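# Structural overview
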Amino acid sequence: IDDARIGSDILQLKRTLTTETVGARDSNNYYLFSNFTQGVIVNGTQALPAIDNARLYEYQHHVYYVADETQGSTTIPTMKLTTLAATMNEKPLVDGVEKIRFMFGLDTDLDGVVNAFLSADEMNESGANTGRLWDTGTATIVAVKIYVLVRDLVEDPDYVNNTTYKMGYESGTDADFVAPGDHFRRMLFSSTVSLYNGNVKVWN
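A few points on the structure. (Residues numbered from 1 in each chain as written. Predicted model: local features only at pLDDT ≥ 70, side-chain atom pairs only at ≥ 80, totals over all residues. Heavy atoms only, no water.)

### Notes on the sheet that holds strand β8 (residues 116-119)
Read from one edge of the open sheet, 4 strands run β8-β7-β9-β14, paired in antiparallel fashion. Bordering the open sheet on either side are β8 and β14 (186-194), each of which pairs with just one other strand. Strand-to-strand twist across the sheet, computed as the mean angle between neighbouring axes with direction ignored, equals 25 degrees. Sheet topology note: the strand β9 (residues 140-151)/β14 ladder contains 9 bridges and is antiparallel. Looking at the pairing, valine 144 lines up with valine 193 of β14. (Pairing = 2+ DSSP bridges. Helix = DSSP H or I, 4+ residues; strand = E, 2+ residues; numbered from the N terminus. Axes fitted to C-alpha atoms, helices over the stretch in contact; angles between N-to-C directions.)

### Regarding the side chain of aspartate 107
Looking at the secondary structure, you find aspartate 107 in strand β7 (residues 97-107). Classification of aspartate 107 by relative accessible area gives buried; the value is 0%. A polar atom in the side chain of aspartate 107 sits 2.8 Å from the backbone nitrogen of leucine 110. (Buried < 20%, exposed > 50% of the residue type's maximum accessible area, 1.4 Å probe, protein only. Polar contact = N/O pair within 3.5 Å; in protein donor to acceptor, adjacent residues only side chain to side chain.)

### Quick word on the nonpolar core
Among the nonpolar cores identified, the biggest contains 13 residues, and Val97, Ile100, Leu106 and Met123 are the most heavily contacted of them. For this core, the secondary structure elements donating two or more residues are β7 and β9. Broken down by element, the residue count for this core peaks at 5 residues, all from β7. The residues contacting valine 97, other than those within four sequence positions of it, are Val66, Pro77, Thr78, Met79, Val148, Leu149 and Val150. (Core = buried A, V, L, I, M, F, W, Y, C linked by side-chain atoms within 4.5 Å. Contact = heavy atoms within 4.5 Å.)

### Some points on the side chain of lysine 80
Structurally, lysine 80 can be placed in strand β5 (residues 74-84). Given a relative accessible area of 3%, lysine 80 falls into the buried group. Within the structure, the side chain of lysine 80 is placed 3.0 Å from the side chain of glutamate 69, a separation counted as a polar contact. Setting aside residues no more than four positions away along its own chain, lysine 80 makes contact with Asp3, Val63, Tyr64, Tyr65, Ala67, Glu69, Glu90, Lys91, Pro92 and Leu93.

### Side note on the pattern of salt bridges
Taken as a whole and judged by the stated rule, the model has 9 salt bridges. One salt bridge in this structure joins arginine 5 and aspartate 68, with 2.9 Å as the shortest N-O distance. Of this pair, arginine 5 sits in the segment before β1 (11-20) while aspartate 68 sits in strand β4 (residues 55-71); the two residues are 63 residues apart in sequence, bridging distant segments of the chain. Given the relative accessible area of 25%, arginine 5 is considered partly exposed. Here glutamate 90 makes a salt bridge to lysine 80, at a shortest N to O gap of 2.7 Å. A residue pair is termed long-range when its members are at least 10 positions apart, and glutamate 90 in strand β6 (residues 88-95) and lysine 80 in strand β5 qualify at 10 residues. (Salt bridge = Lys/Arg side-chain N within 4 Å of Asp/Glu carboxyl O.)

Functional significance is not addressed by these values, which are geometric in nature.
Written out as structure tokens, the structure reads:
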């Protein structure tokens, strides 16, 4: 991704569908072929390996980010979606999205309750030994705070925007978006999503 807006987060979601794939596979898709002890990702045309009692599930990889889109003589910030098929396919998703940001709710004592919300930068820098809390296994993400800043598509010449929009907090700096005194109206949306299976270690 070489066109993402600097300062806006990028979110990747990787998962398999919960419904088993039975019958013919789509040549444009990828799949996880697995049992309880091993698995392999294959595309829609590869022969399946020999894995005892394995099942087949469609594998999905979605990437959400913000980039500038040129529409005629106008440049519009846009949330874009890139999905994995035979190649990575990119398409505009929502016009007017100027910035997205995520704060990750960490459960550090494994009691199912958030102890702290950290930005992606802090997740990369705060882990013991490895420097990456994503990888240490000492904390679990059980919630995500989502911030979406939306900008009007057309300027209002009678309005000047000098507003500061609070998009979470990051120690040592701030995550505010400060409008540059332009004529665009903006609105900030936020929500918190709980990941109820974040602490599940064993699936039955």
